[in-house]
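# Inside the fold
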Amino acid sequence: MERDEFIRQVQNRAHLSSRGDAELATRATLETLAQRLAGDEPLNAAAQLPRGIAEYMRHEYAGAGDPFSIDEFFERISQKESVELADAVRHARVVIEVLSQAISRGEIDDIRSQLPSEFHPLFEAGSEGRMRINT
């Protein structure tokens, strides 16, 4: 998947009004995910992403393995995007759904294996319908 297609998919699925909003949602979600993952896992995922998206998984705190909860995951995204928490949850769900289509199933499994079970619905629910989480 190319960069423009990734952003277009996020924009369409999240019903965002601009490409810039889709870029921001993508960046906030992937940067936060990369911070939650440990070791080289963010770099492994980034290697399968197009330039311009991959950079969001490569930053100073990527691979830190910061042990925050799913609730804090969404709160951090909300703060980075400067949007309401409900919007951040919807955006994160969309970005994770597009990410799951952009990289290999094996890499998604590697990411999921590092996350506690409370994160699993994020990868299973997709961008439509309800998702059972604490938030």
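Source: prediction; values computed, not measured.

In the Ramachandran plot, His15 falls in the positive-phi region, its phi being about 55° despite a non-glycine side chain. Of note, His15 is situated in the loop between α1 (3-14) and α2 (19-36). A relative accessible area of 65% means that His15 is categorised as exposed. At Ser82, a residue that is not glycine, the phi angle is positive and equals roughly 60°.

Let us look at α1. Taking 1.5 Å of rise per residue, 12 residues should cover 16 Å, and α1 covers 17 Å from first to last C-alpha, within 8% of that figure. Residues Phe6, Ile7, Gln9, Val10, Gln11 and Ala14 constitute the buried set of α1. The inward-facing, buried residues of α1 abut α2 and α5 (85-102). Phi turns positive one or two residues past the end of α1, at His15, with a value near 55°.

The next point concerns α5. The terminal C-alpha atoms of α5 lie 25 Å apart, and with 18 residues this matches the ideal 26 Å at 1.5 Å per residue to within 8%. Contact partners of the buried residues in α5: α1, α2, α4 (70-81), α6 (105-114) and α7 (120-124).

It is worth spelling out the nonpolar core at this point. If you look at the biggest cluster of nonpolar residues, it comprises 40 residues, and the most contacted ones within it are Phe6, Leu33, Leu49, Met57, Phe73 and Leu99. Elements supplying a minimum of two residues to this core: α1, α2, α3 (41-46), α4, α5, α6 and α7. In this structure, Phe73 is in contact with Thr29, Thr32, Leu33, Phe68, Ala92, Phe119 and Leu122, ignoring residues within four places of it in sequence.

A few words now on the confidence of the model for the protein chain. Across the protein chain, the average pLDDT comes to 93, with 92% of residues at 70 or higher. Least confident of the elements in the protein chain is α7, whose mean pLDDT is 89; most confident is α2, at 98.

Analysis parameters
Residues numbered from 1 in each chain as written. Predicted model: local features only at pLDDT ≥ 70, side-chain atom pairs only at ≥ 80, totals over all residues. Heavy atoms only, no water. Helix = DSSP H or I, 4+ residues; strand = E, 2+ residues; numbered from the N terminus. Buried < 20%, exposed > 50% of the residue type's maximum accessible area, 1.4 Å probe, protein only. Expected span 1.5 Å × (residues − 1). Contact = heavy atoms within 4.5 Å. Core = buried A, V, L, I, M, F, W, Y, C linked by side-chain atoms within 4.5 Å. pLDDT = per-residue confidence, 0-100.

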